[in-house]
Structures are given as C-alpha cells and as structure tokens.
Amino acid sequence: MISTGMFGIDDMLGGGIPEGSRVLYSLEPGVDGQLFMISTLFAALEKGQACLVIIPHTTVDAFLHDIGQLRGKTVNTLDHRIVFLDSVDRERIQRRSGNNEAAEREWKARIDKLSAENSIDVIFGYFDIIYEDFGLEKGLALLSGNTSSHKYTIIIEHLNFEGDKFLASQPIRKSFDLILAIKSSFRPLPHFNYFTIQYASWSSQLRRSVPFIVKNGNIVPYIPKIVVTGPPESGKSRFVASATELGISIDRSGAEGEMTTVAMDFGWLHWQDFDITLYGTPGQPRFDPMLPVILNNAMGVVLLVDATNRDQLARARHLYQIITRMHVPVIIGANKKDLPGRMSEDEIRREIGVGKGVPVYLISALQKDDVRAVLESLVDSITRFIY
Amino acid sequence: MYSYKTGISQIDHATGGFDAGTNVLILAPSLSYAEQFSYAITRPLPGEYAIMLSTNERASEVIDQFKASGADKHFVGVIDAITKSSTPAVSDTERFMFVTNPTDLTGIGIKFSQMVETIFDGTFSGKDNGLFPPPIRFCINSVSTLLMYRKLEVLYQFLHVMTAKLKKIEGLGIYILNSESFDEKTVSLIKQLMTIVIEIKVDGADNYFRIVGMRGVDAGWQKFTVNKGQVVQAS
C-alpha cells in the first residue's frame, strides 16, 4: 500500500492506495485542493519510492518552491528519488514536433526513458494541459506509462471544468481505481471545502464526502459543528463533557439547586483524525428562540432523550420535527440506559416518530465509550451525506 | 443592490453605476488606451477592493498604475502570472500572489478564491469590513494573453466559472480582449459570458468608446482620454 499522506483518508481507503493503482484527484476550479496530490507525493518520497512528476504548467524550481510552501517541508532533488518533465520540456516538445502525433510520440518516449532509467515506482501527473493537448483517452494513456510491462502507480490531478459528467464518463471510470473529487459547497455551511471518494475499485464502501481544512500543511477532515439537543435533564451537558477534551457549559442553578444550561455547551475534540466541535443547546422551551441560531450550519445533530422519562417524549418529538427540517444527519441517543424503568428502543422510536433509517442508541452519557459510539455513527452518517 | 461607480458620467448618471454581479468585456484594438480605461473602472473606491489578474505586467507595475490613479494600494490585490517564471522562489503574500505562467488555470482559480476569502474575513487589509462582504472589482488583463496559452474551449470554461463566481460574490468583473487578434467566433463566444460590452476604437489621434447592452445608456461612440486614473469624456 502507498499512503495518501493524509490523515483519515488512508483509513477510509482500507490502509491507503494499493501499488499499481491509478488514482484521480479531481479539483473543482478555485477549490484549494492542490495539497491532496502533494501530500501523496511527499508520502511516496518519504517511503523512498522513485517518482516521476509531470508538471506541464510550471517549472521545476517554481513547483519545488510552491510545494515546499504548501507543505512546510522541502523536497531535495539530491536526497529524494524524483525526476520531472516540466513546462520547459513541454515547450521543447511543442517546438520540435510538427504535429500532435509527433508530440504525443515525443512525450511517450520521454516518459518511458525517464521511467526506465530511474526505476520509477510512482508517476504523478497534472492532467488538464495534457488533456487539452491530446484529448481524454490519449492523454490518459500517455500519463499511464502503459507502454512498458512494468505497472506503475499513477496519481493524476485534474482541473475539472466538466464536473460529475466527466467523472462518470466511461473512459474515466475504466481508467482509474480511485476517484477522489475535491469540491466546495455553500450548504450546510456558508462556504466549505470537502472531498468525496467517488469510487475505489478495491473497496465496497459507499461514496463518502468529508469536509476538510488545510492546517499546518496537512489536509484535516473537519466537522465544524455537531449540535447536541434534547429535552431538559436529558444529559446534554454530560454528553458534551464526556465526548470532548475541552468542554464548557454555561449553566445556572435551578430552583431546587440543580444545574441547568442557560446558553449552550461547547466542546472540541480531535477524534478519528477529525477536528470536531460540539455545541449543546439548552433544553427548556423558553430557550427555543436560541435553537435556530445554534442549529444553523450544523452538519449533524444528536437528539438526546432520557430513556427513563416518558413525560419528556412529547418535547423530544417537537425537537425532532425541528431537526428534520434541516436535512442533516441525525442520531437519537437514549440516555440513562443503566437506570431502572428505561423504555425500549421501539417505544422511543414510536413516541418520537423516528423511522428505521435513523439510528437510536441506548447509552449512558457517563460512559465515554457509549458517547463515542454515538459520535462514530454520526460522523459516519455525515461522511455519507451528499452535499 | 450595490452599484459600482465607473467614473463614466453616462453610466453613473443613468443607472448609478454597474449593478453588483456585472461582467464587462472591454473589446479594444492595440494602442487604444484600453488598459488605462480598464484600470480606471477597476480602481477601488473607498470601502471597495480590487483584484487584478495580470498576464502582462508584474505585480509592482500593476500597483504603480493603481497608485498613479489615486487608489489606496492596501485595497488592491494582484495575481501575477509573470514574475514567477523568472523568480521561482517568490512567495505569496495576502496582497500579491503568483502563478508561474498564464497556463496555470488551477493556480489562478485557487489564488483568486484565497484572495477573496482574505478580503471577506478582513485579513487582507486588516480593516473591519462591517456586516456585509465588501464589494470587489476584479479585472483580467488580459483575456487575449490567456487565449495564447490555453485553447478557446478551456478558457471559455474557465471564464464561465469566474463570471459565475463574480455574480455569486456580487462583484464586478472586467475582462480585456484585443478585438484585432481573434476571429469572430472567439469574440462572440467570450461575449456570451458577459453582461455588458464596452467597445473601444481609435480614429486618427482620438480614442472612442461605446457601451453595448446597458439599458438606458447611450450606445453612441464617445470620445475619451484617461487622465490620472479617470475616464475623461471629450465633447
């Protein structure tokens, strides 16, 4: 396996990219996704693999400077096994070749020569200019280095103006073992970048979409807002505190001395390679005007109910109706499973009006493992959500 | 809706300026003051920002031009597609970003997004923008150069993305195209993406412009010069 060089993505792919695979990183125009291919390049170089990098849009010096800036590390052409075909080579090929066929032959000859002389393991190619020069199938054949008997691992970045139509086309589907699309969206957040594993030939996983940020030269899967809501006394503050490394709750003492949340809970955790921020809402109906503000831009919601308190279920049903209008993944956490008189999962589903498609977990918010199981399920739902 | 003042009296008086989300093609022959004309309508007014994608001049030269027209350089960003080919180690700053050459449409798109993001989040100028995203004028100088590096159909797709983005962020897009260097098909394809076309012509020693596609604005030829960053209409 070759690492993608990115947190979390190797896990999603079952350990990385099998050697000899052909990978497409498809970039939506304007989306800051260049670090995907660069991360994989660094991972390959650090593993000692020999890499041929085809950069028809730029020069070697400019490329090395740019990737150094992006990643915060430098590539030394003396220490690493790396060779290039760059924009200067493209100009020479164009000058020498009288027509497209001759240029194609020249590219092929150069790729084969460099690959053989340097015992190349992985070919990295920036595709959109090659695509423009030679068309889809010839361009792909060129970068695949398929004239030799050796099966290289091929990693291609493409500026995709044609969108999903291009990715769904037969030549693309036939040519790649992994298609990873990097896009941006304005919903549910105002503006965020995400990647989607469109297809992986070695994995039967469904298509997964994951928001990401770039942090210290790394792609970090990112869930900026998960909201925990539910009726009063259902254990929301405890849930947030159990889930997170840093948790704050804005509470005050109630009439009988019990603590109740009057603004919100807030917590942050780095878990399963995701940066996640949790927001807990107050449960009392008098705070309902705050709910839309806290729920706004949430990527997923945990609805927590007290599994021992039937009187709260009408309130939970009301909250569930509010959440379902947001069209984001939701999980039900039935808390206090360890206390006597708890209801069954079926009873809770029926009373709240939850269909079979929404998971219900019987948990104790005091148990970190239970809380993590709910979060794991929600993160899984978020990554399968089609933005 | 925000209106971008142009300094061209017949536009500003008739409509209050270009509507937010307008994309304007400046179609002009060589040596016709088209560049100065474009700088004049790209120049940011107080509270606005400008981004210039330069395929012909270095970032420092672009800034000099804006300064000469009286613009505050702190509100001008440049995506420079020239300097990096000779100085590969030049690094991006908030206001100056570099791509190796005009071929690199991936880089241009990303730098544009990054610059807009820093304008919106206030880190570009260090000034609080208030409640709403600030108005942004964006100019490509020039589409003609981009067409020398990339095929028409690819550039059409690229400009389609850029014009759509400008609409989404309620900016003003200005695109310079040499009217003499390209065939009718090319010009008409690029025109399809635009809201308004400003044509410029040279007659003897005089320069003229006319505005096509703007309701309520006189579409006749107007003699002009550019003085200190302002379009001056002569009688």
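Note that this is a predicted model, so its numbers are computed, not measured.

Cut-off values and rules
The residue numbering used here restarts from 1 in each chain and proceeds along that chain's sequence as written. Whichever chain is written first becomes A and whichever ligand is written first becomes 1, with later ones labelled in order. pLDDT decides what is reported in this predicted model: residues at 70 or higher carry local features, side-chain atom pairs at 80 or more are listed and counted, and totals for whole chains, interfaces and linings draw on all residues regardless. Numbering of helices and strands runs from the N terminus; a helix is a DSSP stretch of H or I covering at least four residues, while a strand is a stretch of E covering at least two. Whether a residue is buried, exposed or partly exposed follows from its count of other C-beta atoms within 10 Å of its own C-beta, namely 20 or more, 12 or fewer, or something in between, respectively; the C-beta atoms are built from the backbone. Contact between residues is assigned whenever the C-beta positions, reconstructed from backbone atoms, fall within 7 Å. This radius of gyration counts C-alpha atoms alone. The globule rule is 2.2 Å times how many residues there are, raised to the power 0.38. What a helix is expected to span follows from its residue count: subtract one and scale by 1.5 Å. Any two strands are treated as partners once DSSP identifies two or more bridges connecting them. Every angle, taken between N-to-C directions, lies between 0 and 180 degrees, and every axis is a line fitted to C-alpha atoms, over only the stretch in contact when it is a helix. Residues of type Ala, Val, Leu, Ile, Met, Phe, Trp, Tyr and Cys that are buried and joined through C-beta atoms within 7 Å form what is called a nonpolar core. Put simply, Ala, Val, Leu, Ile, Met, Phe, Trp, Tyr, Cys and Pro go in the nonpolar bin, Asp, Glu, Lys and Arg in the charged bin, and everything else, Gly too, in the polar bin. For classification, angles of less than 35 degrees are called roughly parallel, those exceeding 145 degrees roughly antiparallel, those between 65 and 115 degrees roughly perpendicular, and all remaining angles oblique. For the purposes of this description, domain bounds are those given by an automatic or database domain assignment. By convention, a crossover is right-handed whenever its connection, traced from the first strand over the helix to the second and viewed with the strands pointing away, goes clockwise.

Hey, could you go over the overall build of chain A for me, with residue numbers and the actual values?
Scanning chain A from terminus to terminus reveals 14 helices and 15 strands. Its C-alpha atoms give chain A principal-axis dimensions of roughly 85 × 40 × 35 Å. By residue count, 47% of the 387 residues in chain A fall in the buried class. Look at the contacts in chain A between residues 6 or more apart in sequence, and 69% of them connect residues 24 or more apart.

Summarise the overall build of chain B; cite the residues concerned and give the values.
Counting its regular elements, chain B contains eight helices and 12 strands. Against the globule reference of 18 Å for 235 residues, chain B gives a C-alpha radius of gyration of 17 Å, in line with a compact fold. Counted over contacts in chain B with a minimum sequence separation of 6, partners at least 24 positions apart contribute 65%.

Give me helix α2 (residues 34–46) of chain A: which residues, what numbers.
Residue and element names in this part refer to chain A. Its 13 residues give α2 an end-to-end C-alpha distance of 19 Å, which sits within 8% of 18 Å, the value for a rise of 1.5 Å per residue. In terms of burial, α2 is a largely internal element, 11 of the 13 residues being buried. Where α2 is concerned, the buried positions are Q34, L35, F36, M37, I38, S39, T40, L41, F42, A44 and L45. G48 sits one or two residues past α2 and shows a positive phi near 85°.

Hey, could you go over the sheet that holds strand β12 (residues 230–233) of chain B for me, with residue numbers and the actual values?
All names here are of chain B. Here 10 strands make up an open sheet; going across it, the order is β6-β5-β4-β7-β8-β3-β9-β10-β11-β12 and the pairing mixed. Since the sheet does not close on itself, it has two edges, and those belong to β6 (96–98) and β12, each with one partner. Averaged over all neighbouring strand pairs, the angle between strand axes comes to 25°, with direction disregarded. Note: strand β4 (residues 49–54) against strand β5 (residues 76–80), five bridges, orientation parallel. From the neighbouring strand, L53 faces β5, where its bridge partner is I79. Packing against the sheet, helix α7 (residues 152–168) makes contact with β3 (23–28), β7 (136–141) and β8 (172–178), and its axis sits at approximately 150° to β8.

Explain the nonpolar core to me, and be specific about the residues and the numbers.
Membership of the largest hydrophobic core comes to 181 residues, with the highest contact counts inside it found for C51, L180 and L303 of chain A together with I26 of chain B. At eight residues, the largest contribution of residues to this core is made by α2 of chain A.

Tell me about the interface of chain A and chain B, and name the residues and values.
Each partner contributes residues to the interface: chain A has 18 residues there, and chain B has 23 residues. Only α3 (60–71) and α6 (127–134) of chain A provide two or more residues apiece to the side of chain A that touches chain B. Considering every element that reaches the side of chain A that touches chain B, the biggest residue donor is α3 of chain A, with four residues. Each residue belonging to the side of chain A that touches chain B can be placed in one class, and the counts come to six nonpolar, eight polar and four charged.

With reference to specific residues and values, describe the packing of α2 of chain A against α3 of chain A.
All names here are of chain A. Close contact between α2 and α3 brings their axes to 10 Å; oriented N to C, the two are set at 95°. Here α2 lies roughly perpendicular to α3, going by the angle between them. Between α2, through Q34, L35, I38 and F42, and α3, the contact on the second element is made entirely by I67, L70 and R71. Class assignment of the residues belonging to the contact of α2 with α3 gives a composition of five nonpolar, one polar and one charged.

Explain the domain arrangement of chain A residue by residue, including any values.
Residue and element names in this part refer to chain A. Partitioning chain A into structural domains gives domain 1 (9–216) and domain 2 (223–384). Counting from both sides, the interface comprises eight residues of domain 1 and, opposite them, nine residues of domain 2. Of the residues forming the side of domain 1 that touches domain 2, the biggest block, four residues, is contributed by strand β8 (residues 208–215). Considering only residue class, the side of domain 1 that touches domain 2 consists of five nonpolar, one polar and two charged.

Now, about helix α5 (residues 105–121) of chain B: what can you tell me, with residues and values included?
Residues and elements named next belong to chain B. With 17 residues, α5 ought to run about 24 Å at 1.5 Å a step, and its terminal C-alpha atoms sit 24 Å apart, in line with that. Considered for burial, the residues of α5 that qualify are L105, T106, G107, I108, G109, I110, K111, F112, M115, V116 and I119. In the stretch just after α5, G122 is the one whose phi turns positive, near 90°.

Describe in detail the pairing of strand β2 (residues 51–55) of chain A, supporting the description with residues and values.
Taken residue by residue, a regular strand's side chains alternate between the two faces of the sheet. Residue and element names in this part refer to chain A. In terms of burial, β2 is largely enclosed, as five of its five residues are buried. Here β2 shows a buried face lined by C51, V53 and I55 and a second buried face lined by L52 and I54. Summarising the sheet, β2 and strand β3 (residues 82–86) pair through five bridges and their orientation is parallel. Each residue of the ladder has a partner; that of C51, found in β3, is I82. For the segment spanning β2, α3 and β3, crossover handedness is right-handed. By the bridge criterion, four bridges tie β2 to strand β4 (residues 122–126) in an arrangement that is parallel. Among the inter-strand pairings, C51 is bridged to a residue of β4, identified as V122.

Tell me about the environment of I190 of chain B, residues and numbers included.
All names here are of chain B. Inspection of the secondary structure assignment puts I190 in helix α8 (residues 184–192). A tally of 22 C-beta atoms within 10 Å means that I190 is categorised as buried. Distance in space between the C-alpha atoms of I190 and H74 is 31 Å, their sequence separation being 116 residues.

Which residues make up the environment of G16 of chain A, and what are the values?
All names here are of chain A. Structurally, G16 can be placed in the loop between α1 (9–12) and β1 (22–27). Assessed through the 18 C-beta atoms surrounding it within 10 Å, G16 is described here as partly exposed. Beyond its immediate sequence surroundings of up to four residues, G16 is in contact with M1, I2, S3, T4 and D10.

So what about the pairing of β8 of chain B? Which residues, and what values?
Residue and element names in this part refer to chain B. The buried count for β8 comes to six of seven residues, which makes it a mostly enclosed element. Where β3 lies against β8, six bridges are found, and the strand directions are parallel. Along β8, the bridge assignment pairs V24 with I174. In terms of strand pairing, β7 meets β8 through four bridges, oriented parallel. Within the sheet, the bridge partner assigned to R137 lies in β8 and is L172.

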